[in-house]
Amino acid sequence: MRRWVLLVLKPEDDVATALTDLPAGEAAARVGERIETLQLPAAVPLGHKVARRAIARGEAIRKYGAPIGEATEDIAAGAHVHVHNLRSLRARKTGGG
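It should be emphasised that the depicted structure is a prediction, and the values quoted were computed from it without experimental measurement.

**Some remarks on the overall build of the protein**
Part 1 of the reasoning: Along the protein, the regular secondary structure elements total one helix and nine strands.
Part 2 of the reasoning: Listing each helix as α and each strand as β along the protein from the N terminus yields β-β-β-β-β-β-β-β-β-α.
Part 3 of the reasoning: Scored against the burial criterion, the 97 residues of the protein give a buried share of 38%.
Part 4 of the reasoning: Looking at the protein alone, contacts between residues at least 24 apart form 42% of all its contacts between residues at least 6 apart.
Part 5 of the reasoning: Carbon and sulfur atoms make up 54% of the accessible area of the protein, which totals about 5600 Å².

Okay, structure coming up:
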């Protein structure tokens, strides 16, 4: 049985969270009772986000079942999602990035 290394908090989330430092390659996420496989084009650090699907520039990104920010560029499925391609809602409210 494949070990899952990505955590999806809500089934509607656009991102999964890395439970360990992940090298490029295949990673598995638990989504409810099923396992979802993603191809990671690059390494992802512990605690960082991975796109579960392709996300278009300007589109809202959901985690915890709610929007956490918007994509500042197109993001491919399996790509690392962080400050380089995500503008957080919190930063917008406080006047930052």
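**A short note on the nonpolar core**
Part 1 of the reasoning: If you look at the biggest cluster of nonpolar residues, it comprises 13 residues, and the most contacted ones within it are L6, L22, A27, L40, V44 and V50.
Part 2 of the reasoning: Here this core gets three residues from one element, more than from any other, and that element is strand β3 (residues 25–31).
Part 3 of the reasoning: Not counting the four nearest positions on each side in its chain, L6 is found in contact with A16, T17, A18, L19, L22, A27, A28, A29, R30, L38 and V50.
Part 4 of the reasoning: Core analysis: the next-biggest nonpolar cluster, separate from the first, contains ten residues, V15, I61, A71 and I75 among them.

**Describing the sheet that holds strand β7 (residues 66–71)**
Part 1 of the reasoning: Pairing within the open sheet is antiparallel, and its three strands lie in the order β6-β7-β9. Two strands bound the open sheet, and with one partner strand each, they are β6 (60–63) and β9 (86–88). Put simply, the sheet's adjacent strands are angled 45° from each other on average, direction ignored.
Part 2 of the reasoning: Relative to β9, β7 is paired through three bridges, and the arrangement is antiparallel. Paired with E70 across the strands is R87, a residue of β9.

**Let's talk about the pairing of β7**
Part 1 of the reasoning: Relative to β7, β6 runs antiparallel, the two being bridged by four bridges. Following the sheet pairing, A60 is matched in β7 by E70.
Part 2 of the reasoning: In textbook terms, the turn of a hairpin is the stretch between consecutive antiparallel strands, and for β6 and β7 this stretch comprises two residues, one of which, Y64, has a positive phi near 65°.

**Thoughts on unusual backbone geometry**
Part 1 of the reasoning: Despite not being glycine, Y64 has its phi angle at roughly 65°, a positive value.
Part 2 of the reasoning: In this fold, Y64 is placed in the loop between β6 and β7.

What counts as what
- Residues numbered from 1 in each chain as written.
- Predicted model: local features only at pLDDT ≥ 70, side-chain atom pairs only at ≥ 80, totals over all residues.
- Heavy atoms only, no water.
- Helix = DSSP H or I, 4+ residues; strand = E, 2+ residues; numbered from the N terminus.
- Buried < 20%, exposed > 50% of the residue type's maximum accessible area, 1.4 Å probe, protein only.
- Contact = heavy atoms within 4.5 Å.
- Areas by Shrake-Rupley, 256 points an atom, 1.4 Å probe, with all protein chains shown as cover.
- Core = buried A, V, L, I, M, F, W, Y, C linked by side-chain atoms within 4.5 Å.
- Pairing = 2+ DSSP bridges.
- Axes fitted to C-alpha atoms, helices over the stretch in contact; angles between N-to-C directions.

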